[in-house]
Every structure is written in structure tokens, then in C-alpha cells.
2 protein chains.
Amino acid sequence: MKGATRPDRRHRRHEATRREILDAAWSIAREEGLTALSMRHLARAVGMEAQSLYTYFPSKHAIYDAMFADGNAHLLGLQSSLELDADPVVALHQAAHQFVEFCTSDPTRYQLLFQRTVPGFEPSSESYALARKVLDFASERLAAAGVADQTALDLYTALVSGLLNQQMSNEPGGDRWIRHLDRALDMYLRETTTDRHEPT
Amino acid sequence: MKGATRPDRRHRRHEATRREILDAAWSIAREEGLTALSMRHLARAVGMEAQSLYTYFPSKHAIYDAMFADGNAHLLGLQSSLELDADPVVALHQAAHQFVEFCTSDPTRYQLLFQRTVPGFEPSSESYALARKVLDFASERLAAAGVADQTALDLYTALVSGLLNQQMSNEPGGDRWIRHLDRALDMYLRETTTDRHEPT
DNA sequence: GTCTATATTTGGATAGAC
DNA sequence: GTCTATCCAAATATAGAC
């Protein structure tokens, strides 16, 4: 007789609970802030004792790390599935808008992924690799639009993140800064690309 | 006989001790991070018991607030005493460089003044008024250079803070982003001002 | 896998003697 | 103004029974 649960079944169950905990963590962080997330609080939300969480995550930082990976994976999925215009300049605007939408739609996630506000947290190298891929995506969009060098890429990230930071810090939910995104992109492209048409 | 200390003398002594505590707080925050600052830790640094600090500051937040005011007052002093070039465009570059230097020279201060990273802290209205004056300064420099409207001012703060944020977050101490400050300013001015010379 | 019990640390803040 | 003595709350994490 096979009294024991099959290993893969147990594994699936384990993963499902992990997912459940992670979702609850996002929920708490969104409602009360990233730093307000605690093991006790999280445990209560999923109907467990705090100590039982250690079966699924070795530490609180591991939970932050899983959230970090989670958010980046989500963004990568969005970026991959976005239908880009044939015109690389239009495509760059599209991609930038998608990124801004992703960030503004969830300030907590933005804080975890792009600001360094959680006290002792640093992403693991595995999670950080995902963040790198996100940046590579932007790099490709820029190259397609005629911007190739590293310095111009740095200026781009500064410009977009500058608008986002101001928006999220001073007027979350509004558009006082991010509504200048298109203007900022045009300004940026005028600076960093050499127009080959209109030679006169 | 006048056995009691004169009130103003007592007041001066009180202020001196306050100053001493504040300096120690900056020192600790710089060495171990803003969030690592605790009453016990701070008290040990000045040779007191933690409880005695409450004679000088009613709460921990009051200490953060005093630090916030401190930093902004310092910046205002620097801005006021800077000799600006007669050419408003050159003057804008000067002022921007001074600001960037102020920020990069003390990451902890930058974090307290311009990022919102301390968990529950929000500056009092008195302290915030100082921060407003700092922004007014930038506003005047921009107006002198021919940038008057609010949207352009928002774009300016996004641009400068964007470079700073990237620099402080990803490579503190380096210049990978801030070395593009002049280029970014020129790009910005080209976008936001109408050149009256070269009408052809 | 989940629980109870507990260790351990750390924090902010108050009361009252001196 | 400074101290001792506490209070109170909250956090992460481990040990071991079931």
C-alpha cells in the first residue's frame, strides 16, 4: 500500500503555500508599507503562527528577495509581450510608457524594486539577474532608436527615473511629473541622436 | 547672594548640549545608517543615559526633524554665499554644481533631506519651510536663465534629482551619472528656452 | 508541517529619586 | 539635569513536542 504522499505532490503543495504567503506579503506591504511587514503579521494573514513561516522561507530577507524576484519577473513578462511599433522611436515611447505605468500602478513594488529603502535588504544574485534583464531590455530599445553609447544610456535612466522619483515621492497617484515623459524623451533623443533627415 | 544660575546662561548651556547631541546623531547616522540611530546608541555617544536625552528632545522624531532643519539651513547658507556669474546660464550651472556637490559629499544627509527613507518621519512645517526656500532658490536661478513656467521647473528637478539618485543608489562616491550634469543642463535649456539670437 | 514555549535583542518612553 | 529602575511593545529566530 502507498501510504506516503508522492514527493512531487508534496512539492506542489509546498509551492502553492509559498505562493500564498508571498501574495499575503504583497498585500500587507501595499496596505501598511514595506517596513511594516513582519513575520507575526504575515503569519496572521495566512492563518499560521509566525514560526511556521520558516518552513517556507529561511528568513524575512528571503521573503523580500522572493518579492523582488516576483516583481521583476512580472515586469519582464509585460515587456516581452508588448507589441512594439515598427518605428523604433515610437517603440521607445511605448516601452517607456509601459515602464512608467508598471511603476506608478504599485508604489510599494516600485519602492522594493527600484529604490533601496528596506533597511538591510539586498537582492540575491539570482534575483538581481532578473533586474539586469529588465535594464537590458531598455538598452535594446534605445539602440534600436539610434542611441548606442553607455553614457547616453545612463542619461536615459536618470531622466526616466528622475521623473518617476519626483512623482512617487511628492505626488503619488498624480501625473505632475510623468506627464512630461514624452516631452522628456523627445528632448533626450534630440540630444543623443544625429538626425540624418533635414540636412539643410 | 545670587545662588541660582542666570536664565540666559542656563539657556545657552542647554543649546550647547543640544548641538552636541545633534552632532553625535549625524556622526552615528553617517557611520551606521539613518535607521540605525537609536536613543540608547546616541546617548552612549554623548556619555549620557538614553532617558536624559528627553530633556533636550521630546522624541526620536524630534531629533530627525532637527537634523532635517540643520541640513537645509546649511544648504541655504551655502547657496546664499555663492558668488554667481553675471551670465544667468553660467550661474545656473554653478548653482547646480554646488547643489550636486552638497548632496554627494554626504549621502546620509542626502537621504534624510531628499529621499523619504526614514520609516515614520515627516518634517515639521517649520523645518519644511526651509526646504521650500531651497527650492525657491532654484526657481529664481531658472527664471533668470529664461525658464519661467512651472512645468519646466518640474522637469528641471526631475533631471537633476534623477542624475543624483542614480549616482547615490548605484555608485556612491563615483561620477558615472553626475558627470553628465553640464550636458544635461544644456540639453534642458535648449528645450525650455527660446533662443532669441540666431534667428536665421 | 504546525504548533507551544521560549530565547534573545532591541527599541521608545515614563516615574521618581537625587 | 541626570540618574536608576522599569514598563511596554515588538521583532527575529530556535527547540522540541505532536
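Residues numbered from 1 in each chain as written. Chains lettered and ligands numbered in written order. Predicted model: local features only at pLDDT ≥ 70, side-chain atom pairs only at ≥ 80, totals over all residues. Heavy atoms only, no water.

## Let's talk about the protein's contact with DNA strand C
What counts, and what does not: Nearness is defined per residue: one heavy atom within 4 Å of the molecule or strand is enough. Throughout this description, a polar contact denotes any pair of N or O atoms lying within 3.5 Å of each other; where both atoms belong to protein, one of them has to be capable of donating a hydrogen while the other can accept it, and for residues adjacent in sequence the pair is counted only when both atoms sit in side chains.
As a structural note, the neighbourhood of DNA strand C is formed by 15 residues, with His 14, Gln 51 and Tyr 56 of chain A together with Gln 51 and Lys 60 of chain B the closest of them. If you look at DNA strand C and keep only atoms within 4 Å of the protein, 55% of those are sugar or phosphate atoms. Glu 49 of chain A places a main-chain nitrogen or oxygen 2.9 Å from a phosphate oxygen of DNA strand C. Take Met 39 of chain B: an N or O atom from its main chain is 2.8 Å from a phosphate oxygen of DNA strand C.

## Some remarks on helix α2 (residues 39-46) of chain B
Counting along an α-helix, one turn takes 3.6 residues, and residues three or four places apart therefore face a common direction. All names here are of chain B. Counted only if it meets this: Three labels apply to residues, based on accessible area from a 1.4 Å probe with only protein chains included: buried if under 20% of the type maximum, exposed if over 50%, partly exposed otherwise in between. What counts as a helix is a DSSP run of H or I of at least four residues, what counts as a strand is a run of E of at least two, and both are numbered from the N terminus. When checking whether two residues touch, look at their non-hydrogen atoms; a contact exists if any pair is within 4.5 Å.
Listed in full, the buried residues belonging to α2 are Met 39, His 41, Leu 42, Ala 43 and Val 46. On its buried side, α2 packs onto α1 (7-32) and α3 (60-81). Count one or two residues on from α2 and you reach Gly 47, which has phi positive near 75 degrees.

## Things to note about the interface of chain A and chain B
How we decide: Buried area adds together the accessible area that both of two parts lose upon being put together, with accessible area traced by a 1.4 Å probe. The term salt bridge refers to a side-chain nitrogen of Lys or Arg lying within 4 Å of a carboxyl oxygen of Asp or Glu.
Contact with chain A, which involves 24 residues of that partner, is made by 24 residues of chain B. For the chain A and chain B pair, buried surface summed over both sides reaches about 2,400 Å², with 52% attributable to carbon and sulfur atoms. There are 6 salt bridges connecting chain A and chain B. Measuring nitrogen to oxygen at the nearest pair gives 2.8 Å for the salt bridge that ties Glu 191 of chain A to Arg 183 of chain B. Our enumeration of links across chain A and chain B arrives at 12 residue pairs in polar contact (both at pLDDT 80 or more).

## Details of the domain arrangement of chain A
Residues and elements named next belong to chain A. Heads up, the condition is: Domain delimitation in this document rests on an assignment produced automatically or drawn from a domain database. Asp, Glu, Lys and Arg are counted as charged, while Ala, Val, Leu, Ile, Met, Phe, Trp, Tyr, Cys and Pro are counted as nonpolar; the rest, among them Gly, fall into the polar class.
Domain assignment breaks chain A into domain 1 (1-57) and domain 2 (60-200). Computed over C-alpha atoms, the centres of domain 1 and domain 2 are 31 Å apart. If you look at the interface, domain 1 gives 14 residues, while domain 2 gives 16 residues. Of the roughly 1,400 Å² buried between domain 1 and domain 2 on both sides combined, carbon and sulfur atoms contribute 73%. Summed over the three residues of domain 1 that lose the most area to domain 2, namely Trp 26, Leu 34 and Phe 57, the buried surface amounts to 48% of that side. On the surface where domain 1 and domain 2 come into contact, there are 2 salt bridges. The partner of Arg 19 in a salt bridge is Asp 70, and the shortest N-O contact between them spans 2.9 Å. Scanning the region where domain 1 abuts domain 2 turns up 5 residue pairs in polar contact (both at pLDDT 80 or more). If you list the elements that add at least two residues to the side of domain 1 that touches domain 2, you get α1 (7-32) and α2 (39-46). Take the side of domain 1 that touches domain 2: its biggest share by element is 7 residues, from α1. Its residues assigned to classes, the side of domain 1 that touches domain 2 shows 9 nonpolar, 2 polar and 3 charged.

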